[in-house]
Amino acid sequence: MKLAMRTTLFFLLTSTWMFGQQFLDGRVRDATSGQPVERAAITNNRSRSTAMTNAEGKFRISAKSSDTLIIRHISYKTAVSAVVDSNAETEIALVPRIFQLDEVLISSTPPEALLLEVVEVSQERLRTPLTFQTYCREYCRVNTQLSSFANGFVDFRVQNRGAADLYIIQNQIKKMPGVALSRIYEEAPGMSILSIQEAFERAYSFKALRNVARSSVYEYTLRRKQDDEGNLFEIISFLPKNDVPEVLYEGQVIYDAKSKLILEYQYRIAESHRRFAKARAFGTMELTVLDVSKFLLFSAVDGNYIPFYQHNMGKVHLHLADQYNEIFESSTDVLVLGVDDSEPRHSFKPYKGWSLYEAGTKYSDEIWKSYEVFLQTDAEQQVQKLLNSKR
């Protein structure tokens, strides 16, 4: 039986599709403040195609006149917007949720036990095996300067516990040549700290949250919020204890109070504990982790609970005598465009590389010019122009 949320994106990645589809550009704002709304999920109710707003609230989605868009964000009421003219940019205003109840809870169950409970419930709802059709992108920087960019359409065949086979359908890479950053940059301009192979394994395992809940070095706050539509949320926030001299995380988990399903979570190395970072020796090389962060958004569309979007970032300092003394930063975005429970039928073998950049450029059409799941911000567009001019 096919999942209700199914996309035919892979089968549409042809020239016919590229020139036959219409794309709607839009912007999502806060109805009260007028500020852009980042990470709002956009779904075309007819085709089930999806998109995500960027930091400027902008998005692009496959849509035609008379289509209906559904816009969701945890902090706002779900909005429905009719497409009147697919050739004109649309403005969508989201109304903030009005919380009639917002209180700190004192529970007989410790928050860390509640955290483990919602992790178990959520993991139980994540089905396998499944095939996720996704859009992925990577940015890599050396000493704050962009060194490489890659983006592509990737199928993840997720098996037990989130381990996956990857099939890169379309991919492009850009690098910054002729910049004297370092010898290691010259050897590996697309060096990524984060593995694209582990994207869904991390999402399925909830490993970081389990480690936090099983540790005794965190303090917790449990809050409950109920909006005027009766939606009830609980939020577990965690901070490291001040007297623990270790590199520890801070973050929060938002879940539905009734179903116990995690809606989103985020964490990063706590600002207060970054000073405890220590170099680790790998032979004659020393590596210091400076920062790690993760944001993961889950979605329950048509009854299917899935990891819909994830953003990962890592930053390290690498030192080797007088050869390397660099700060590397990598970020990855993975957005699910559709889900299918059938095996992917590709004529090529699964991709085994560490990053998208290593896969090189492989595409049949320059689909990036027409179809962009994450519209680039103005700053990112300037970077892209620079990359294009340096090719």
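See above for the structure.
Bear in mind the structure is a predicted one, so any value in this text is a computation, not a measurement.

**Examining the overall build of the chain**
Line of reasoning, step 1. Counting its regular elements, the chain contains 7 helices and 19 strands.
Line of reasoning, step 2. Looking at the 391 residues of the chain, the share that counts as buried comes to 51%.
Line of reasoning, step 3. Restricting to contacts in the chain with at least 6 residues of sequence separation, those with at least 24 account for 65%.
Line of reasoning, step 4. With the model as given, the accessible surface of the chain reaches about 18,400 Å², and the carbon-plus-sulfur share is 49%.

**Considerations on the sheet that holds strand β7 (residues 90-94)**
Line of reasoning, step 1. Here we have 3 strands laid out as an open sheet, ordered β4-β1-β7, and mixed in their pairing. Among the strands making up the open sheet, the edge pair consists of β4 (58-62) and β7. This sheet shows a mean twist of 35° between the axes of neighbouring strands, independent of strand direction.
Line of reasoning, step 2. Sheet analysis places strand β1 (residues 23-30) next to β7, joined by 5 bridges and oriented parallel. The residue of β7 that forms the bridge with D30 is L94.

**A word on the packing of aromatic side chains**
To describe a pair of aromatic rings, you give the distance between the ring centres and the angle between the ring planes.
Line of reasoning, step 1. The final tally for this structure, using the stated rule, is 13 aromatic pairs.
Line of reasoning, step 2. Judged by centre distance (6.2 Å) and plane angle (45°), the ring pair of F206 and Y265 falls under tilted. Linking F206 in the loop between α5 (199-205) and α6 (207-213) with Y265 in strand β15 (residues 262-269), this pair joins segments that are 59 residues apart in sequence.
Line of reasoning, step 3. When the ring of Y265 is compared with that of Y267, the centres are 6.3 Å apart and the planes differ by 5°; the resulting orientation is stacked. Each of the two residues, Y265 as well as Y267, counts as buried.

**Comments concerning the nonpolar core**
Line of reasoning, step 1. Judged by nonpolar contacts, the single largest core of 61 residues is most densely connected at L115, F132, F156, F200, I262 and Y265.
Line of reasoning, step 2. In contact with L115, not counting residues within four places along its chain, are L209, V212, A213, Y220, I236 and V253.

**A few points about unusual backbone geometry**
Line of reasoning, step 1. At the junction of T128 and P129, the peptide bond is cis and its omega measures out at -5° in the coordinates.
Line of reasoning, step 2. Its location among the elements puts P129 in the loop between α3 (111-125) and β9 (130-142).
Line of reasoning, step 3. If you check the backbone angles, N143 has positive phi at about 50° while not being a glycine.
Line of reasoning, step 4. Mapping N143 onto the fold places it in the loop between β9 and β10 (145-158).
Line of reasoning, step 5. One non-glycine residue with positive phi stands out, namely F206, at about 55°.
Line of reasoning, step 6. Looking at F206, the relative accessible area reads 0%, which means it is buried.

What counts, and at which threshold
Residues numbered from 1 in each chain as written. Predicted model: local features only at pLDDT ≥ 70, side-chain atom pairs only at ≥ 80, totals over all residues. Heavy atoms only, no water. Helix = DSSP H or I, 4+ residues; strand = E, 2+ residues; numbered from the N terminus. Buried < 20%, exposed > 50% of the residue type's maximum accessible area, 1.4 Å probe, protein only. Contact = heavy atoms within 4.5 Å. Areas by Shrake-Rupley, 256 points an atom, 1.4 Å probe, with all protein chains shown as cover. Pairing = 2+ DSSP bridges. Axes fitted to C-alpha atoms, helices over the stretch in contact; angles between N-to-C directions. Phe/Tyr/Trp six-rings, centres within 6.5 Å; stacked < 30°, edge-to-face > 60°. Core = buried A, V, L, I, M, F, W, Y, C linked by side-chain atoms within 4.5 Å.

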